[in-house]
Structures are given as structure tokens and as C-alpha cells.
Amino acid sequence: MTTASTHKTELTGRWHFPTSIRFGAGRIRELPAACRELGSERPLLVTDTGLAKLPVVTQAVELCRAAGLGCEVYSEVQANPVEANVTQGVDKFRAGGHDGVIAFGGGSALDVGKAIALMVGQTRPIWDFEDKEDWYTRVNVAGMAPVVAVPTTAGTGSEVGRCSVLTDLRDHTKKLIFHPRILPAIVIEDPELGVGLPAKLTAAVGMDALSHNLEAFCGSAYHPLADGIAVEGIRLIKEWLPAAVRDGADVEARAHMLIASTMGATAFQKGLGAMHSLSHPCSANLNTHHGLTNAVVMPYVLVHNEPAIAKKLGRLAAYVGLRKATYAAFLDWILELRETIGIPPTLMALGLKEQHAAEFAPQALADPSTPSNPLPMDRASFEQLYLHAIRGELTA
């Protein structure tokens, strides 16, 4: 294994795609300069309740304050965030006279931070900016606050996303709040911030990153740029996710997983698919972990989509270095990976019962991820997929 100093010299970069990214161990020290680059002297650091208690947040705030920035913390962010998490943050932003947002943490914190930065300048309700038709044109762009994103897990890739995902408690569905400018202007990716992340969480978020890359690659749209990013993201995950789960202090593994997560969210501009369609109703209604749910349903969706993706997955199997360049070999690898890193085999382990299949199928069909699934989906298909994943039936 390479040394920490090698990490800083080799696994480092400053990129400008799809936004400005400062990557490498120790780059968190550039946080105050990044805020000032965006004209922010009083940033509001948005994170989740658990992370707010840990040294990584305390140290980030101290960095900012030592540089003369008026940095405060907002941490009323739950897993699978809801509108109230955003509105309370907007109130704190305005009351504190803040002029920018540091979105710091996993996907929930990043999504809420981006949504706060959007909503501080709006008068309409947040659901008016759902990703439908041209609703994003309703946004008062001049009122938006700048965002520096600092991901601490390697899963959602929300640091390079143009949406915030929120649960709408009115109908218990997940909705995408979209605007092109919600994309953080600067991203700081420091793999040392993820050191010590528990193995189970590392596994779940890592499989989320895999689902993003994999569904983007398998998607029905024509987008070779996204495909190229996705296949390398999948290769990195194959090489490094088991190591990251096995050793929480492996900075090299953390670094590769961090960029693989970013690659997944970059690639899924092409679209996602039935993994996410199945997962969103589970987390919106039962508060299951999004990445873990994607990990559980993954092989069931691959089996369902086999007629449309077998050739693609054969090519992918060759690229990531499997012994056989076949769909079957790729599916076997997914099953072996899940077992190795401790992913439950069925949705029943996450609390789903068979009656949820009929209840959640209409929500899955209406999910924005559904149109880009490799095979057309209907309500019956989703109900059957739920039942397969609940019962552990790996069959089409």
C-alpha cells in the first residue's frame, strides 16, 4: 500500500468538469479560499445531525473562522430529507445574514444544502421547482446563494448534481428539485474526511455509486460520453470498494471510491433505471437507506433487464477484468460483491412485506428514473420485481 504522502502527490487534481473540483487528501484546507472565491464571507455550513458532532465538522468550521469567515452550522438534516429540513435552514440562513452555503456530508446534507441555497432567494414553494417541463425557469436566479460542496461519503455524487432529492410528505414520494445553477460552483473532495466511516455505511454508499454508474451505462439513451465515464467508475468500484469496507483508514481506497461516486453522478445525466424506481418508494415510505436499497434490488433488476443489456454487460465484464466477458459473469460478480461486503439479499431484510409490492408499484412506475430503464416498464412489472426482491427469487 502506498504512503499518505504518495496519496497527496499522486491522487490529486484540480478539474473543471462537470464543475470546479479540488481533489486530494488535505484539500479541505482550501475551504476558506473556496468560499471567498465565490464571494462568501459568512457561509452557513449545512450538515447532518450525526456528522455535526464529529471532529471533521468542528475542524472545517475552525478553518473558516481562523481565516476570518463568519461560519455557522445548520444540522437539522435527516436521512431522506423533507421540506422542513430546507425551510428551517433557509430561516437560519436569513437570520444569520449568511451569503453562501457549505454543503458538507453525505447525500442528504448535500441535497439540503443545495436546496437551501436555491430557496433563500425564492418566494414560491419549493415544489414549484420540481424537475418537470420548464418549471426551473420559475427560479429567481439572482437570489440564489453560492455553494461549496464537501462530500464525506462516496455514494450519491450529489456534489456534481443539478438536483436536490427531497421526500414530499404530502404523498410520500421522492421528488427532484432542479435548476442548472444548483450545481455547486466549487467541490472539495478530500478522501481523508471519510476515514473511519463504518463498514456497513461504506458498503451501502459504495453500492449506491455502483448503481449510478451501472444504470447510466445500461440506460436506453445514446450518450457515449456518459458511458465512458460510467465504465471506468465501475472498474474503480470493483477494485476499491472491498478494500474501503475492509479498512476504514485506507485513504487510497477512499480516494478512488470518492471519485467513482462523482463519476456516477456525472454519468447519470444520461438517466437511471428501475433500481432507483424501486428504491425511491422504499425510502420515501419506510425510510430505508437509499444506497442499501439500490444494492438489494440491483441483481433483480439486472435479471429483469437481461434481454436489453446482456451484450453491454459482456463488454463491461471484459473491461473490468472478469475472467469471462459475459452477462452471467457480471451478474455473478455483483452477487459475490454483495455477499463480500455484507449487503442483505432481499428487501424483506429492510422491512418490506409482500403487500408493499402492490402499494409501491404505482410510485415506481411514476418515478422519473423509469423512462430511461433499458426495457419498458409497467405497473405489473414493478409489482413482480418487488415480489422477487422481497422473496429472494432471482428470476425474470
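Because the structure is a prediction, the values reported are computed rather than measured.

(A) Spatial organisation of the overall build of the protein chain. A count of helical and extended segments in the protein chain gives 15 helices and nine strands. A compact globule built from 396 residues would reach a C-alpha radius of gyration of about 21 Å, and the protein chain, at 20 Å, matches this within 12%. C-alpha atoms of the protein chain, sized along the principal axes, occupy 60 × 50 × 35 Å. The proportion of buried residues among the 396 residues of the protein chain is 59%.

(B) Local environment of the pairing of strand β9 (residues 186-189). Side-chain alternation along β9 places Ile-186 and Ile-188 on one buried face and Val-187 and Glu-189 on a second face that is also buried. Two strands pair when backbone bridges link them, and strand β2 (residues 20-23) and β9 are joined in this way by four bridges, in the parallel orientation. Following the sheet pairing, Phe-23 is matched in β9 by Glu-189. In terms of strand pairing, strand β6 (residues 147-151) meets β9 through two bridges, oriented parallel. When the bridges of β9 are listed, Ala-149 appears paired with Val-187.

(C) Main features of the packing of helix α7 (residues 199-218) against helix α11 (residues 290-304). Look at α7 against α11: their axes get within 7 Å of each other, and the N-to-C directions meet at 45°. One element, α7, and the other, α11, form an angle in the oblique class. Once α7 is placed against α11, the crossing between them reads as left-handed. Contacts between α7 and α11 involve Ala-204, Met-207, Asp-208, Leu-210, Ser-211, His-212 and Leu-214 from the first element and His-290, Gly-291, Leu-292, Asn-294, Ala-295, Met-298 and Leu-302 from the second. In terms of residue class, the contact of α7 with α11 is made up of eight nonpolar, five polar and one charged.

(D) Highlighting the pattern of salt bridges. Throughout the structure, instances matching the rule amount to 16 salt bridges. Arg-170 is paired through a salt bridge with Asp-168; the nearest N and O atoms lie 2.7 Å apart. Judged by its relative accessible area of 62%, Arg-170 is exposed. One salt bridge connects Lys-175 with Asp-171, and the closest N-O pair in it is separated by 3.0 Å. Residue Lys-175 is classed as buried on the basis of its relative accessible area of 10%. Under the relative-accessibility criterion, Asp-171 is labelled partly exposed at 39%.

(E) Structural view of the packing of aromatic side chains. With the rule as written, the count across this model stands at four aromatic pairs. Centroid distance Tyr-136 to Phe-178: 5.6 Å. Interplanar angle 80°. Geometry classified as edge-to-face. Here the residue Tyr-136 occupies a position in the loop between α6 (107-119) and β6, and Phe-178 occupies one in strand β8 (residues 173-178), the gap between them amounting to 42 residues. When its relative accessible area of 33% is taken as the criterion, Tyr-136 is described as partly exposed. With relative accessibility at 14%, the residue Phe-178 sits in the buried group. Note on Phe-360 and Tyr-386: the rings are 6.0 Å apart at their centroids and 70° apart in plane angle, and the pair reads as edge-to-face. With a gap of 26 residues between them, Phe-360 in helix α14 (residues 355-366) and Tyr-386 in helix α15 (residues 379-391) connect regions that are remote in the sequence. Given the relative accessible area of 0%, Tyr-386 is considered buried.

(F) Main features of α7. Relative to the 28 Å expected for 20 residues at 1.5 Å per residue, α7 spans 28 Å between its end C-alpha atoms, a close match to the ideal helical length. Judged by how many residues are buried, α7 sits mostly within the fold: 17 of 20 residues are covered.

(G) Focus on the sheet that holds strand β4 (residues 72-74). What the seven strands build is an open sheet, ordered β1-β2-β9-β6-β5-β3-β4; its pairing is mixed. Every other strand in the sheet has two partners, leaving β1 (13-15) and β4 as the edge strands with one partner each. Neighbour to neighbour, the strand axes of the sheet diverge by 20° on average, direction disregarded. Here helix α4 (residues 55-66) sits on the sheet in contact with β3 (43-46), β4 and β5 (100-105), set at roughly 155° to β5. Contacting β1, β2, β6 and β9, helix α9 (residues 251-267) runs over the sheet at an angle of about 170° to β2.

Scoring rules and cut-offs
- Each chain carries its own residue numbering, running from 1 in the direction its sequence is written.
- At least 70 in pLDDT is required for a residue's local features to be given in this predicted model, at least 80 for side-chain atom pairs to be given and counted, and no such filter applies to totals for whole chains, interfaces and linings, which use all residues.
- To get the side-chain values, all heavy atoms of the structure are used, and hydrogens and water are removed first.
- Helix numbers and strand numbers start at the N terminus; a helix is a DSSP run of H or I with at least 4 residues, a strand a run of E with at least 2.
- C-alpha atoms define the radius of gyration in this analysis, and the globule rule sets the expected value at 2.2 Å times the number of residues to the power 0.38.
- Per-residue accessibility, obtained with a 1.4 Å probe over protein chains only, is compared with the maximum for each type, and a residue is labelled buried under 20%, exposed over 50%, and partly exposed between these values.
- Paired strands, in this sense, are two strands between which DSSP finds at least two bridges.
- Lines are fitted to the C-alpha atoms to define the axes, a helix being fitted only along its stretch in contact, and any angle between axes, read from their N-to-C directions, falls within 0 to 180 degrees.
- For classification, angles of less than 35 degrees are called roughly parallel, those exceeding 145 degrees roughly antiparallel, those between 65 and 115 degrees roughly perpendicular, and all remaining angles oblique.
- Left-handed describes a crossing in which the near helix is turned anticlockwise from the far one by less than a right angle; the clockwise case is right-handed.
- Contacts are assigned to residue pairs with any non-hydrogen atoms lying within 4.5 Å of each other.
- When residues are grouped by polarity, Ala, Val, Leu, Ile, Met, Phe, Trp, Tyr, Cys and Pro land in nonpolar, Asp, Glu, Lys and Arg in charged, and all others, Gly among them, in polar.
- Salt bridges are counted wherever a side-chain nitrogen of Lys or Arg sits within 4 Å of a carboxyl oxygen of Asp or Glu.
- To pair, rings of Phe, Tyr and Trp, with the six-membered ring standing in for Trp, must have centres within 6.5 Å; the planes then decide the type, stacked if under 30 degrees apart, edge-to-face if over 60, and tilted in the middle.
- What a helix is expected to span follows from its residue count: subtract one and scale by 1.5 Å.

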